[in-house]
Amino acid sequence: MNTKETSFLKVLGDLSFPEKKVVINPNDGFDLGLMMTDATVEIYYNKSPATWEGRTTHGVYGNVYQKNECRLGTVELSAAAVEKMGSPKRVRLHLVADSDGKYPQILVEPE
């Protein structure tokens, strides 16, 4: 599996965010190889490359937004998604590049 990843990012849970919205700083997006400000992806929460079973699990289709207003080293997620992962202080994002699906997959791995 060919993946790119960020370093561990500080989590900010936002009550107004839906589960399908992830916001990162463009410099963190560069680590994932994302060059556009808005990327449609399939998001898998509480997964890492070591625990991901691919398409046998169900992700949520959503978007990764890259915004300069988001501090470097921070990720903004829905409060519900953060709670489902056990309220981690930090997470790492992995982008699965060689997926067989229509959209790339983002794995959100809690620390």
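Just above, that's the structure.
Here's what I pulled together on the structure shown here. (Residues numbered from 1 in each chain as written. Predicted model: local features only at pLDDT ≥ 70, side-chain atom pairs only at ≥ 80, totals over all residues. Heavy atoms only, no water.)

Re the packing of aromatic side chains
- Under the defined criterion, the tally for this structure stands at one aromatic pair.
- Over the face of the ring belonging to Y65 we find K21, whose NZ or CZ atom lies 5.8 Å from the ring centre.
- The residue whose ring lies beneath K67 is Y65, and the NZ or CZ to ring-centre distance is 5.8 Å. (Phe/Tyr/Trp six-rings, centres within 6.5 Å; stacked < 30°, edge-to-face > 60°. Lys NZ or Arg CZ within 6 Å of the ring centre and 35° of its normal.)

Focus: the side chain of E42
- With respect to the helices and strands, E42 occurs in strand β4 (residues 38-45).
- Separated by 2.9 Å, the side chains of E42 and Y44 make a polar contact. (Helix = DSSP H or I, 4+ residues; strand = E, 2+ residues; numbered from the N terminus. Polar contact = N/O pair within 3.5 Å; in protein donor to acceptor, adjacent residues only side chain to side chain.)

Remarks on the environment of F8
- Turning to its location among the elements, F8 is positioned in the loop between β1 (3-5) and β2 (9-14).
- Residue classification places F8 among the partly exposed residues on the basis of a relative accessible area of 22%.
- Taking the C-alpha atoms as reference points, F8 and Y45, separated by 37 residues in sequence, lie 15 Å from one another.
- When near neighbours in sequence (up to four residues on either side) are disregarded, F8 contacts R90, V91, R92, E109, P110 and E111. (Buried < 20%, exposed > 50% of the residue type's maximum accessible area, 1.4 Å probe, protein only. Contact = heavy atoms within 4.5 Å.)

A few points about the pattern of salt bridges
- Scanning the model with the defined rule gives three salt bridges in all.
- Among the salt bridges present, the one from E5 reaches R92, with a minimum N-O distance of 3.8 Å. With E5 in strand β1 and R92 in strand β7 (residues 90-96), the pair connects residues that are 87 residues apart, well separated along the chain.
- Among the ionic pairs, E19 bridges to K84, the shortest N-O distance being 3.0 Å. Placement of E19 in the loop between β2 and β3 (21-24) and of K84 in helix α2 (residues 79-84) is noted, with a sequence separation of 65 residues between them.
- A relative accessible area of 27% places E19 in the partly exposed class. (Salt bridge = Lys/Arg side-chain N within 4 Å of Asp/Glu carboxyl O.)

What to know about unusual backbone geometry
- The backbone of N46 sits at a positive phi, close to 65°, despite the residue not being glycine.
- The phi dihedral of S87 falls on the positive side, at around 55°, and the residue is not glycine.
- Locating S87 in the fold gives a position in the loop between α2 and β7.
- The class of S87 is partly exposed, set by a relative accessible area of 45%.

Description of the nonpolar core
- Counting 21 residues, the largest nonpolar core has V22, V75, L77, L93 and V108 as its most contacted members.
- When residues of this core are traced back to their parent elements, those giving at least two are β2, β3, β4, β6 (74-78), α2, β7 and β8 (105-110).
- With four residues, β4 is the largest single contributor of residues to this core.
- Excluding its chain neighbours within four sequence positions, the residues that come into contact with L77 are V11, L12, G13, D14, F17, K21, V22, Y45, V82, M85 and V108. (Core = buried A, V, L, I, M, F, W, Y, C linked by side-chain atoms within 4.5 Å.)

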